[in-house]
Amino acid sequence: MKVAVYSTKAYDRTFLERANAAQDNSHELRFLEMRLSSETAALSGHCDAICAFVNDTLDREVLTNIMDRGIRLVALRCAGFNNVDLVAARDMGIAIARVPAYSPEAVAEHTIALILSLNRKIHKAYARVREGNFALDGLVGFDLKGRTIGIVGTGKIGICLARIMRGFGCHVLGFDPRHDPAFVETGAEYVDLPDLFAQADIVSLHCPLTPHTHHLVDAEAIATMKPGVMIINTGRGALVEARSLIRGLKSGRIGHVGLDVYEEESDLFFENLSGTIIQDDVFARLLTFPNVLITGHQAFLTIEALTAIAETTIGNISQFAATGRPNHTVSVEMLA
Ligand code: NAI
């Protein structure tokens with residue numbers, strides 16, 4: 001199949017070409033650096049499928065555009081599918097595929113990196129030591145042992161995180177409408193969301209972004225959390241209402257914030273904007289806090305994850321070419 005690969009970075013190209021070569025180069029991959037939008041959809045002309053990433057736009061307008069060009073498959077090279085209008089895709093008969101699991105460890109371990117860096121102020125210590133400043137004032141952290149972490153969404157990543165946090169000697173609480181025995185086997189326990197917010201020293205978000213989870217952490221939720229709580233979001237930006245985070249940080253109610261995702265990240269992340277002025281005042285304000293650590297949606301970025309993403313994506317495309325249905329279909333029912 002001829003595939004238009006949007007939002008291509010050098011690492012995408014390397015890993016996708018390798019996975020395609022392992023399947024006798026069965027697909028012709030056309031790599032495009034730009035994001036998919038109504039303005040760039042025309043670049044998929046003469047292709048049979050589109051390969052898209054987290055910040056590509058797949059709303060009804062774009063889907064109509066690519067359907068008119070004969071495209072019947074969108075292969076997402078990510079797990080989340082909140083950027084796709086699934087109802088529109090179903091109406092138009094466009095199959096949506098994703099990579100449901102590639103390396104939950106990659107995201108769980110990045111979550112740990114954020115927790116440890118924030119707690120032990122590694123981001124501040126790094127800068128200080130390079131300047132010859134070896135003073136320790138302001139670098140006091142806390143032992144993780146004995147602390148309580150609340151994991152919202154106990155799927156693949158949430159369970160992996162629970163296992164690691166149990167290794168630190170933490171109490172692990174989880175909230176998920178679906179209870180998984182594997183989560184409890186780590187030594188963690190399920191509680192209701194209000195109990196999780198009330199008891200957790202660290203709240204970490206690992207559920208998908210859906211209409212139910214949009215702004216799950218807002219001013220109301222923050223008011224029920226422990227004073228000094230650490231909030232970590234490596235899920236999707238819009239799980240958190242960023243203005244409420246700022247208010248919570250200013251008042252001291254929130255002790256630390258670690259973000260790998262941001263609601264308006266599509267205008268910022270994955271690009272080098274170091275020579276430009278950031279126009280997003282909410283994001284710019286978040287960057288000013290010493291107790292906020294932001295990474296640009298890199299939790300997935302490990303060799304193992306990129307290999308698995310590429311192999312599953314090429315597998316989805318091959319299966320669609322052979323049967324008209326990819327291996328890992330995303331359906332409207334998954335929004336429920
Ligand atoms: P998963 O599908 O294995 O687990 C998600 C869990 O969330 C499920 O157990 C589901 O029942 C639960 N859930 C659904 N609605 C919920 C709600 N209202 N409250 C609490 N839990 C709810 O997915 P996985 O692989 O663990 O990934 C989780 C999320 O992490 C993805 O949806 C994606 O948005 C994000 N992600 C972020 C990455 C990054 O690089 N920052 C990379 C990969 C995933």
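Note that the structure is predicted; figures quoted are calculated from it, not measured.

(A) Summary view of the nonpolar core. Counting residues in hydrophobic clusters, the biggest one holds 49 residues, and the most contacted among them are I50, V74, L76 and I96. Ignoring any residue separated from it by four or fewer positions in sequence, one finds I50 in contact with V3, A4, Y6, L36, S44, I66, I71, L73, V74 and A75. Residues L173, I231, Y262 and V282 belong to the second largest nonpolar core, which totals 37 residues.

(B) Spotlight on the sheet that holds strand β10 (residues 229–233). The sheet built from seven strands is open, its strands ordered β8-β7-β6-β9-β10-β11-β12 with parallel pairing. Taken across any chain shown, the strands that pair with only one partner, and hence form the sheet edges, are β8 (189–190) and β12 (292–294). The sheet contact formed by strand β6 (residues 148–152) and strand β9 (residues 202–205) spans four bridges and is parallel. Its bridge partner lying in β9, I151 is registered against S204. Docked against the sheet, helix α4 (residues 104–120) engages β6, β9, β10, β11 (254–259) and β12, running at close to 145° with respect to β10. In the packing of helix α6 (residues 156–167) onto the sheet, the strands contacted are β6, β7 (171–175) and β9, and the crossing angle to β6 comes to about 170°.

(C) Fine view of the sheet that holds strand β4 (residues 73–76). With parallel pairing, five strands are arranged side by side in an open sheet as β2-β1-β3-β4-β5. Two strands lie at the open edges of the sheet, namely β2 (28–31) and β5 (95–97), each paired on one side alone. Neighbour-to-neighbour, the strand axes of the sheet open up by a mean angle of 20°, direction not taken into account. Across the sheet, helix α12 (residues 303–323) is in contact with β1 (2–5), β2, β3 (49–52), β4 and β5; its angle to β4 comes to roughly 160°.

(D) Spotlight on unusual backbone geometry. Positive phi, normally seen in glycine, also occurs at K121, with a value near 55°. Residue position: K121 is located in the loop between α4 and α5 (122–130). For H297, which is not a glycine, the phi torsion comes out positive at approximately 55°. Within the secondary structure, H297 sits in the loop between β12 and α12. Judged by its relative accessible area of 7%, H297 is buried.

(E) Local environment of the pairing of β9. What you see with β9 is no split at all: I202 and S204 on one side and V203 and L205 on the other are buried throughout. With four bridges connecting them, β9 and β10 associate as parallel partners. The partner of V203 across the bridge, within β10, is I231.

(F) Representation of the site of the ligand in the model. In the vicinity of the ligand lie 23 residues, with Y102, K156, I157, D176 and T234 positioned nearest. One nitrogen or oxygen atom from the side chain of R236 is found 3.4 Å from an oxygen atom belonging to the ligand. Residue F300 places a main-chain N or O atom 3.2 Å away from an oxygen atom belonging to the ligand. For the ligand, whose free accessible area comes to 860 Å², the fraction covered by protein is 87%. Grouping the amino acids of the shell around the ligand by side-chain chemistry returns 10 nonpolar, eight polar and five charged.

(G) Layout of the domain arrangement of the chain. Partitioning the chain into domains gives domain 1 (2–102 + 302–335) and domain 2 (104–294). A separation of 29 Å is found between the C-alpha centroids of domain 1 and domain 2. Facing 14 residues of domain 1, the contacting portion of domain 2 comprises 12 residues. The junction of domain 1 with domain 2 conceals about 1,100 Å² of combined surface from both sides, 54% of it contributed by carbon and sulfur atoms. In this structure, E271 engages K9 in a salt bridge whose closest nitrogen and oxygen atoms are separated by 3.2 Å. Here domain 1 and domain 2 share five residue pairs in polar contact (both at pLDDT 80 or more) between them.

(H) Region of interest: helix α10 (residues 242–251). Looking only at α10, the buried set comprises A242, S244, L245, I246, G248 and L249. On the buried face of α10, the contacting elements are α9 (219–223), β10, β11, α11 (281–287) and β12. In the stretch just after α10, G252 is the one whose phi turns positive, near 90°.

Conventions adopted
Residues numbered from 1 in each chain as written. Predicted model: local features only at pLDDT ≥ 70, side-chain atom pairs only at ≥ 80, totals over all residues. Heavy atoms only, no water. Core = buried A, V, L, I, M, F, W, Y, C linked by side-chain atoms within 4.5 Å. Buried < 20%, exposed > 50% of the residue type's maximum accessible area, 1.4 Å probe, protein only. Contact = heavy atoms within 4.5 Å. Pairing = 2+ DSSP bridges. Helix = DSSP H or I, 4+ residues; strand = E, 2+ residues; numbered from the N terminus. Axes fitted to C-alpha atoms, helices over the stretch in contact; angles between N-to-C directions. Near = heavy atom within 4 Å. Polar contact = N/O pair within 3.5 Å; in protein donor to acceptor, adjacent residues only side chain to side chain. Areas by Shrake-Rupley, 256 points an atom, 1.4 Å probe, with all protein chains shown as cover. Nonpolar A, V, L, I, M, F, W, Y, C, P; charged D, E, K, R; others polar. Domains from an automatic or database assignment. Buried area = accessible area lost by both parts, 1.4 Å probe. Salt bridge = Lys/Arg side-chain N within 4 Å of Asp/Glu carboxyl O.

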